Amino acid sequence: MINNKLDYKIDNEIRTWNVNIPMRVIGELKKTIKSKWINTGPKEKKFRELIKKRFKSKYAVATNSGTSSLRCALASIGVTNGDEVISTPYTWLATNTAILEQGAKPVFADINYDDLNISAEEIEKKINKKTKAIICVHYAGNPVELDKIKKISRDHKIPLIEDCAHAMGSEYKGVPIGGSGSICCFSFQCVKIVTCGDGGAITCNDKNMYEKLQSKIWYGFNKEKKKINFLNPVSENPDGLGFKMNMNDIVATFACVAMEELDKSLKKRKIIGEIYRKELNNLHRVKLLNYKIDRKPNYQIFPIHVQDRTRFAKFMWDNNVQVNINNRRNDVYSIFGGINKNLKNLNKVDKDVILLPIHLGLNKSDINRIIELVHKFDKN
């Protein structure tokens, strides 16, 4: 079952991830293509309106990826050469390569063992005169201690960026992730709950920040404020150095349909996640994450702690069930300066966390099979 060759073939095993594509997107894409307006236009605007409404934010910016969203956010708050950004070391590495791309240094704070999120207490220990920003990741769609982290941000006057790539539809104390007032960056990559193949969004509640973000995604020009001159398409100076990271209307059409399907996706993931939490609780060799009652997870992924992870993975794969590691500790990559052995919880997590399958492609038989196999491993 375990094959190292990348052949793009999807076999019949129970897969860790799946892609959720509403079939009605095909008809909507045809309409957009026939309209001849395929660059950033009315569909991109509609998508931003859907984002604002859903996440109760005043402003929304659409980008071509979650990674672009992070880079634009960092650039818009002025992160540059010599700065430091406190971040989690347990995330897909794009969270932290975006910091490097701005010429800054990621400073890793340890995480909580029980929920895999960055520790508020550890963030505060890392703050110094070079600290220009804080990034938190709502890992697995299970929100961070947002009140504590926002207080640290306010007290030290350091901007907070929320990496919400996992957190589409999650809530913290009844407030949607994305509506907190921080700069919140979303991803619509292919295996996310809502996807458009790839894309991103940024929400915020500050008008000045919104205008900076709008400029950063398109060469330093805010398209909504751009002066029109039929002989000179860009008659004013750019607002500093910008990028080419806007979302076009083909992608936005896909994203609008996907957003309209969000509740349906969340409902099924909630059912599966709660079944896992009920049936896999109190095992000897498997430990579940801590899902706190004041938060609503979206079950983007379902990580567990397991003793003897390699043997567990081989056992599951041999029984036609994919289990995977979502990401390694980022300091394992030399670009981040080498492993920090003082991150005690990270040291443990990097050795025992693995994902169980959770997605809309699972049926009752699949779910029962996964649970049965986990119990069988736990007893042996």
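This text follows the structure it describes.
Residues numbered from 1 in each chain as written. Predicted model: local features only at pLDDT ≥ 70, side-chain atom pairs only at ≥ 80, totals over all residues. Heavy atoms only, no water.

### Observations regarding the sheet that holds strand β11 (residues 295-296)
For step 1, the next point in the chain: Within the open sheet, the 3 strands sit side by side as β7-β6-β11. Their pairing is antiparallel. The open sheet is flanked by β7 (175-176) and β11, the only strands paired with a single partner.
For step 2, the next point in the chain: With 2 bridges joining them, strand β6 (residues 171-172) and β7 adopt antiparallel strand pairing. Of the residues in β7, the one forming a bridge with Y172 is V175. (Pairing = 2+ DSSP bridges. Helix = DSSP H or I, 4+ residues; strand = E, 2+ residues; numbered from the N terminus.)

### So, helix α1 (residues 25-35)
For step 1, the next point in the chain: Along α1, the residues that are buried comprise V25, L29 and T32. Within α1, the buried residues cover an arc of 60° as seen down the axis, which keeps them to one side. Exposed residues pointing more than 90 degrees away from the buried face of α1 are listed as K30, K31 and K34.
For step 2, the next point in the chain: Buried residues belonging to α1 abut α2 (42-55) and α8 (249-260).
For step 3, the next point in the chain: Among the residues trailing α1, K36 stands out with phi positive, at a value near 75°. (Buried < 20%, exposed > 50% of the residue type's maximum accessible area, 1.4 Å probe, protein only. Arc of directions from axis to C-beta. Contact = heavy atoms within 4.5 Å.)

### Let's talk about a nonpolar patch on the surface
For step 1, the next point in the chain: Together, L100, V332, Y333, I335 and I339 make up a nonpolar patch on the protein surface, roughly 390 Å² of accessible area in all.
For step 2, the next point in the chain: Inspection of the secondary structure puts I335 in the loop between α10 (309-318) and α11 (344-352).
For step 3, the next point in the chain: Classification of I335 by relative accessible area gives partly exposed; the value is 49%. (Patch = residues over 30% accessible without salt bridge, like charges linked within 9 Å, V, L, I, M, F, W, Y side chains within 5 Å. Areas by Shrake-Rupley, 256 points an atom, 1.4 Å probe, with all protein chains shown as cover. Salt bridge = Lys/Arg side-chain N within 4 Å of Asp/Glu carboxyl O.)

### With respect to the packing of helix α9 (residues 262-279) against helix α12 (residues 364-379)
For step 1, the next point in the chain: The interhelical angle for the contact between α9 and α12, taken along N-to-C directions, is 25°, at an axis separation of 11 Å. Our classification of the angle between α9 and α12 gives roughly parallel. The element α9 and its partner α12 pack so that their crossing is right-handed. Where α9 abuts α12, its residues I272, I275, Y276 and E279 lie against I367, I370, I371 and H375.
For step 2, the next point in the chain: Class assignment of the residues belonging to the contact of α9 with α12 gives a composition of 6 nonpolar, 1 polar and 1 charged. (Axes fitted to C-alpha atoms, helices over the stretch in contact; angles between N-to-C directions. Parallel < 35°, antiparallel > 145°, perpendicular 65-115°, else oblique. Left-handed = near helix turned anticlockwise from the far one by under 90°. Nonpolar A, V, L, I, M, F, W, Y, C, P; charged D, E, K, R; others polar.)

### Topic: the environment of V61
For step 1, the next point in the chain: By secondary structure assignment, the location of V61 is in strand β1 (residues 59-63).
For step 2, the next point in the chain: Ignoring anything within four residues of it in the chain, the contact list for V61 reads R48, G200, A201, I202, Y210, L213, Q214 and I217.

### Re the pairing of strand β12 (residues 302-306)
For step 1, the next point in the chain: Where burial is concerned, most of β12 is hidden: 5 out of the 5 residues are buried.
For step 2, the next point in the chain: Side-chain alternation along β12 places F302, I304 and V306 on one buried face and P303 and H305 on a second face that is also buried.
For step 3, the next point in the chain: Note: strand β10 (residues 286-288) against β12, 3 bridges, orientation antiparallel. Paired with K287 across the bridge in β12 is H305.
For step 4, the next point in the chain: In terms of strand pairing, β12 meets strand β13 (residues 353-356) through 4 bridges, oriented antiparallel. Directly across from I304, in β13, lies its bridge partner I354.

### Some thoughts on the packing of α2 against α8
For step 1, the next point in the chain: For the pair α2 and α8, the least separation of the axes is 8 Å and the interaxial angle reads 30°. Looking at the two axes, α2 sits roughly parallel to α8. Crossing of α2 against α8: the hand is left-handed. Taking contact as the criterion, the partners of P42, K43, E44, K46, F47, L50, I51, R54 and F55 in α2 are, on α8, D249, A252, T253, A255, C256, M259 and E260.

### Some remarks on the sheet that holds strand β4 (residues 131-137)
For step 1, the next point in the chain: Strand order in the open sheet made by the 7 strands is β1-β9-β8-β5-β4-β2-β3, with mixed pairing throughout. The open sheet has two edge strands with one neighbour each: β1 and β3 (105-108). Pairs of neighbouring strands in the sheet enclose a mean axial angle of 25°, with direction left out of account.
For step 2, the next point in the chain: The pairing of strand β2 (residues 84-87) with β4 spans 3 bridges and is parallel.

### Brief notes about empty space enclosed by the protein
For step 1, the next point in the chain: Evaluation of the coordinates by the stated rule reveals 1 cavity of 30 Å³ or more.
For step 2, the next point in the chain: Size it by volume and the largest cavity reaches roughly 50 Å³.
For step 3, the next point in the chain: Lining the largest cavity we find T16, W17, N18, V191, R269, Q300, I301, F302, L355, L356, I358 and H359.
For step 4, the next point in the chain: Across the lining of the largest cavity, the residue classes break down as 7 nonpolar, 4 polar and 1 charged. (1 Å grid on protein atoms, 1.4 Å probe; cavity = no way out; pocket = protein on both sides within 12 Å on 5 of 7 lines; lining within 4 Å. Points joined across faces, edges and corners; volume = space filled by probe spheres on them.)

### Quick notes on the pattern of salt bridges
For step 1, the next point in the chain: Evaluation of the coordinates by the stated rule reveals 26 salt bridges.
For step 2, the next point in the chain: Salt-bridge contacts for E261 lead to R24; the nearest nitrogen and oxygen are separated by 3.2 Å. Of this pair, E261 sits in the loop between α8 and α9 while R24 sits in the segment before α1, and the two are 237 residues apart along the sequence.
For step 3, the next point in the chain: Of the residues examined, R24 reaches a relative accessible area of 39% and is grouped as partly exposed.
For step 4, the next point in the chain: Here K292 ties to E145 by a salt bridge, and the two come within 3.0 Å at their closest N and O atoms. Taken together, the residues span a long stretch of sequence, with K292 in the loop between β10 and β11 and E145 in the loop between β4 and α6 (146-156) at a distance of 147 residues.
For step 5, the next point in the chain: Within this structure, R24, K46, E260, E261 and K264 form a network of salt bridges that share partners.

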